[in-house]
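# Examination of the molecular architecture
As a plain string of letters, each chain reads:
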Amino acid sequence: MTSCSRIAALLTASVGLAFQALAQAPAPAAGQAAPGQGRGNGPTGTETGFRTFQTKCMNCHGNPAVERAPSPAVIRQMSPERIYAALTTGPMAGQGASLSDTDKKMLALFMSGRPLGSEAEGDAKNMAGHCDSNPALPDPASQPEWNGWGVDAYNTRFQTARGAGLTAAQVPNLKLKWAFGFPTGLSAFGQPTIAAGRVFVGSDIGYVYSLNAKTGCVYWSFKTSGSVRNAISIGPVKGHAGAKYSIYFGDSHSNVYAVNAQNGALLWMTPADDHFTARITGAPALYEGRVYAPVSSSEELSGSNLDYSCCTFRGSVVAMDANTGKIIWKTYTIPETPK
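Before going into details, it helps to say that this report is about the structure given with it. All values reported here derive from a predicted model rather than from experimental measurement. (Residues numbered from 1 in each chain as written. Predicted model: local features only at pLDDT ≥ 70, side-chain atom pairs only at ≥ 80, totals over all residues. Heavy atoms only, no water.)

### Let's talk about the packing of aromatic side chains
Definition in use: Stacked, tilted and edge-to-face pairs are distinguished by plane angle, under 30 degrees for stacked and over 60 for edge-to-face with tilted covering the rest, among Phe, Tyr and Trp rings (Trp via its six-membered ring) whose centres lie within 6.5 Å. A run of H or I in DSSP becomes a helix once it reaches four residues, and a run of E becomes a strand once it reaches two; helices and strands are each numbered from the N terminus. Residue exposure (1.4 Å probe, protein chains only): buried if accessible area is under 20% of the type maximum, exposed if over 50%, otherwise partly exposed.
Evaluation of the coordinates by the stated rule reveals 11 aromatic pairs. For the pair Phe180 and Tyr209, a centre-to-centre distance of 5.0 Å together with 65 degrees between the ring planes defines the contact as edge-to-face. One end of the pair, Phe180, is in strand β3 (residues 174-181); the other, Tyr209, is in strand β6 (residues 207-212), with 29 residues separating them in the sequence. In terms of burial, Phe180 and Tyr209 fall into one category: buried.

Given below as structure tokens:
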């Protein structure tokens, strides 16, 4: 049996992944432990951070009349550590003096899309359990796989016995095989993709990982600009030296990515929307050389904020060239620009 055929089920836990395998399978090598031990960082901070930014920061950030103030879009590309430092000891310390330490941390979490401490601890180079080698990827379609959210163009979410590598009668014999934890992670809400004997999964700490499906060892990590909560799709890519297959996904800052599935190198990144609350939570779909990305937002959190001039986000679907990231077309849920 191949490494993928031993994988039978995906279980998303509070801070990582747990994989199950057939009970009769031989014991694998030691897998990847949870480096962060699943410690939490308190509440997600989305509502608190959003409210703080709206009431305390948007008079300058996002105001065309204040030229020196970075726009919300620029701040969203910063690490949480940099935002927090700016509010405590940096150029925004004066403004930050009116905020509690918790408010500063939640503001940094909301704007960056990642918890404090995740940038260093989440990097695969700082982890134990590295894979000994990184062999060339076989054709993903040649092995059992679960590719993307719905697994096929019709979004059936149906797995055949061949695709699963086991029968229904074998399911009761499953047992835990290995686990991988997201350092500093608060939750695990990104569906893993299984292809070519590997697991590709995004995290709330802003990293995408490539793991060995058999042992859980880590091949590489890729740092995004925000959390990744959507399923990843893998497919052929052209026009990039050394890249035969690419993985495609979006982040909480509405960026869409193509990353070399072999080594985690960035091939392209395209912003799908410039609204500062825009995000991609639905899985981008890959079909015949195009990536279709659905764009949503967190603007609904402004409903309880009397200072927010609601509403300016209108939702969209964006089609991009899978090889270059060039936007081919974009259609809005609400055709007219909100006023």
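### Overview of helix α4 (residues 80-88)
Because an α-helix completes one turn every 3.6 residues, residues spaced three or four positions apart along the sequence face the same direction. Just so we agree on the cut-off: In this context, the arc is that of the directions from the helix axis out to the C-beta atoms. Any two residues having at least one pair of non-hydrogen atoms within 4.5 Å are treated as being in contact.
When we look at burial in α4, the residues that qualify are Pro80, Ile83, Ala86 and Leu87. Angular distribution of buried residues about the axis of α4 spans 130 degrees; they occupy a single face of the element. Buried residues in α4 make contact with α3 (72-75), α5 (93-96) and α6 (101-112).

### Describing the pattern of salt bridges
What counts here: Salt bridges are defined by distance alone: a side-chain nitrogen of Lys or Arg within 4 Å of a carboxyl oxygen of Asp or Glu.
What the rule picks out here adds up to two salt bridges. Taking the shortest distance from any N to any O, the salt bridge between Asp101 and Lys105 comes out at 3.2 Å. One end of the pair is Asp101 and the other is Lys105, both in helix α6 and four residues apart, which spans about a single turn. A salt bridge links Lys330 to Asp273; its shortest N-O distance comes to 3.1 Å. Of this pair, Lys330 sits in strand β16 (residues 327-332) while Asp273 sits in the loop between β11 (266-271) and β12 (278-279), placing them 57 residues apart in sequence.

### Topic: the nonpolar core
Inclusion rule: We call a set of buried residues a nonpolar core when its members are Ala, Val, Leu, Ile, Met, Phe, Trp, Tyr or Cys and they connect through side-chain atoms within 4.5 Å of each other.
Counting residues in hydrophobic clusters, the biggest one holds 19 residues, and the most contacted among them are Trp220, Ile247 and Phe249. Taken together, the elements giving at least two residues each to this core come down to β7 (218-223), β9 (245-250) and β10 (255-260). Those residues in contact with Ile247 that sit more than four places away from it in its chain are Phe200, Val208, Trp220, Ile232, Ser233, Ile234, Tyr257, Ala258, Val259 and Ala261.

### Some remarks on the state of the cysteines
Threshold: Throughout, a disulfide means two cysteine sulfur atoms within 2.5 Å of one another.
Inspection of the entire model under this criterion finds one disulfide. With its sulfur 2.0 Å from that of its partner, Cys131 forms a disulfide with Cys217. The sign of the S-S torsion, about 100 degrees, decides the handedness of the disulfide formed by Cys131 and Cys217: right-handed. Here Cys217 lies in the loop between β6 and β7 and Cys131 lies in the loop between α7 (118-121) and α8 (161-164), a separation of 86 residues in the sequence. By relative accessible area, Cys131 is classed as buried at 15%. The exposure class assigned to Cys217 is buried, which follows from its relative accessible area of 11%. Note on Cys57: no disulfide assigned, nearest cysteine sulfur contributed by Cys60 at a separation of 8.7 Å. By relative accessible area, Cys57 is classed as buried at 12%.

These figures capture arrangement, not role.
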